[in-house]
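Take a look at the letters that make up each chain.
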Amino acid sequence: MTQREVLEQARASLGPYCKGCEICNGRACRNQIPGPGSKGAGDTAIRNYDKWKEIRVLMDTICENRPVDTSCHLFGQEFAYPFFAGPAGAVKLHYGEKYGDREYNEILVAACAGAGIAAFTGDGTDPEVMRAATSAIKAGGGRGVPTIKPWNLETIREKLKQARESRAFAVAMDIDAAGLPFLKNMTPPAGSKTTEELAQIIREAGLPFIVKGVMTVRGALKAREAGAAAIVVSNHGGRVLDQCPATAEVLPDIARAVDGAMTVLVDGGIRSGTDIFKALALGADGVLICRPFVTAVYGGAHEGVEELITRLGAELRDTMAMCGAHTLAEITRDMVWKM
């Protein structure tokens, strides 16, 4: 399938909210929730996209002519590329009736594993969302990362048990989901966690633990103190707080502060292999991409996901070659230009 074919078929099956835009930049959906939009005026998702585009790559082909290697390692697993599908939950509500969470995750996890990467899976108020996600990961030999919302400890423990039983190679918590309306006023309480509470959860996880939703150096250092193996620099695609800085704006300082003590991933508005290159140059070890994978599933199922991964990988490989980087380790800050 081609990108155009995937988008055409996606538009025919997506619900009334997502427009299946050729350029997924947050402008068409803005603050449409339910749907793929953002909180408030929808400013944060748009800023995420725009700030990656303000960074430019610096071409340098006076270098050795040898093959480019895009492979990376994460928690003992080898992947073909340093990018992963981001988590999405309640897809029927936000994206249309074609798929429920079980069918969506079965397609996404299997297609990502088949193409050499892994999928992060989502969570929701319906327990079936996590059951479906962990079932798909187990069927895929553990090549996935279930992402748990910051529920109360009892609920988290139940979902961590499902994650372990799925043989997932890591587990994540999107700690910034504390800003989602359905987590507020729950009994028992759900939402933000202290460093001590997070440390207890990480100790009980029994898997490498990824804290998603870090936007400050202070937050990164608290995640490290709690024992996180990795963080995701993320503002939840703008869905939890309006007028945040873009992830591209805060990534360099966070990566510098962490200084290799844990893995740094980033998401938010990354839409091309060139954007992935920029993120790695600014200090990330890898990236997550969410909304384009939803469109890929709705528009082409396994073939749609494979088309997206192949295209992103080819763009990354081409950018690396044209900037003189033959491995991910050779991508450096001086290969990008930033105002």
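Structural data are supplied above this passage.
What counts, and where the lines are drawn
Residues numbered from 1 in each chain as written. Predicted model: local features only at pLDDT ≥ 70, side-chain atom pairs only at ≥ 80, totals over all residues. Heavy atoms only, no water. Helix = DSSP H or I, 4+ residues; strand = E, 2+ residues; numbered from the N terminus. Contact = heavy atoms within 4.5 Å. Core = buried A, V, L, I, M, F, W, Y, C linked by side-chain atoms within 4.5 Å. Buried < 20%, exposed > 50% of the residue type's maximum accessible area, 1.4 Å probe, protein only. Axes fitted to C-alpha atoms, helices over the stretch in contact; angles between N-to-C directions. Parallel < 35°, antiparallel > 145°, perpendicular 65-115°, else oblique. Left-handed = near helix turned anticlockwise from the far one by under 90°. Salt bridge = Lys/Arg side-chain N within 4 Å of Asp/Glu carboxyl O. Expected span 1.5 Å × (residues − 1). Pairing = 2+ DSSP bridges. Right-handed = clockwise from strand over helix to strand, strands pointing away.

Peer 1: Just to check I follow, could you spell out the environment of I117 for this structure?
Peer 2: One can find I117 in the loop between α4 (101–114) and β5 (119–121). When the C-alpha positions of I117 and F79 are compared, they lie 5.2 Å apart, and in sequence the two are 38 residues distant. Leave out the neighbours within four places in its chain, and I117 touches F79, Y81, F83, F84, A85, C112, R143, F293 and I309.

Peer 1: What's the story with the nonpolar core in this structure? I'm lost.
Peer 2: Generally speaking, soluble globular proteins have nonpolar side chains that are buried together. Counting 100 residues, the largest nonpolar core has F209, I231 and F293 as the members making the most contacts within it. Of all the elements, helix α11 (residues 291–323) adds the most residues to this core, at 12 residues. If we ignore the near neighbours within four places in the chain, the residues touching F293 are F84, A85, Y104, L108, C112, I117, V305, L308 and I309.

Peer 1: When you look at the packing of helix α5 (residues 127–139) against helix α6 (residues 153–165) in this model, what are you seeing that I'm missing?
Peer 2: Look at α5 against α6: their axes get within 8 Å of each other, and the N-to-C directions meet at 20°. Put simply, α5 runs roughly parallel to α6. Crossing hand, α5 versus α6: right-handed. In this structure, α5 uses M130, R131, T134 and K138 to contact α6, whose residues at the interface are K159, Q162, A163 and E165.

Peer 1: Looking at this structure, how should I read the environment of V305?
Peer 2: With respect to the helices and strands, the residue V305 is situated in helix α11. Sequence-wise, V305 and I210 are 95 residues apart; in three dimensions their C-alpha atoms are separated by 24 Å. Leave out the neighbours within four places in its chain, and V305 touches L108, A111, C112, F293, A296 and V297.

Peer 1: How do you make sense of the pattern of salt bridges when you look at a structure like this?
Peer 2: Pairing between side chains of opposite charge can happen when the charged atoms of each approach one another. Following the criterion strictly, the structure yields 16 salt bridges and no others. Between R27 and D50 there is a salt bridge; the shortest N-O distance is 2.9 Å. Residue R27 is found in the loop between α1 (3–13) and α2 (43–54), and its partner D50 is found in helix α2; the two are separated by 23 residues along the sequence. Judged by relative accessible area, D50 falls into the partly exposed class, the value being 25%. A salt bridge links R131 to E128; the nearest nitrogen and oxygen atoms lie 3.4 Å apart. On the criterion of helical spacing, the pair formed by R131 and E128 is a turn pair, its members being three residues apart in helix α5. Residue classification places E128 among the partly exposed residues on the basis of a relative accessible area of 26%.

Peer 1: Is there a simple way to explain helix α9 (residues 247–258) in this structure?
Peer 2: Residue pairs spaced three or four apart in an α-helix point in one direction, given the helix's 3.6 residues per turn. Spanning 12 residues, α9 covers 16 Å between terminal C-alpha atoms, matching the ideal 16 Å at 1.5 Å per step. Regarding α9, the residues found buried are T247, A248, V250, L251, P252, I254, A255 and V258. Contact partners of the buried residues in α9: α2, β8 (209–214), α8 (217–226), β9 (230–233), β10 (263–266) and α10 (273–281). A positive backbone phi angle near 50° is found at D259, which sits one or two residues after α9.

Peer 1: It is not clear to me how unusual backbone geometry should be interpreted in this structure. Could you clarify?
Peer 2: Along the chain, I33 connects to P34 via a cis peptide bond; the corresponding omega equals 5°. Locating P34 in the fold gives a position in the loop between α1 and α2. The phi dihedral of Q243 falls on the positive side, at around 60°, and the residue is not glycine. Checked against the element boundaries, Q243 lands in the loop between β9 and α9.

Peer 1: Is there a simple way to think about the pairing of β10 in this case?
Peer 2: Side-chain direction in a regular strand flips from residue to residue, so the side chains alternate between the two faces of the sheet. Burial along β10 is two-sided: T263 and L265 and V264 and V266, pointing in opposite directions, are all buried. Pairing of β9 with β10, which is carried by four bridges, proceeds in the parallel orientation. Residue pairing in the sheet places A230 in a bridge with T263 of β10. Between the parallel elements β9 and β10, the chain passes through α9 in a crossover that is right-handed. In this sheet, strand β11 (residues 286–289) lies alongside β10 in parallel orientation, the contact comprising two bridges. In the sheet register, V266 faces β11, and the bridge partner there is V287.

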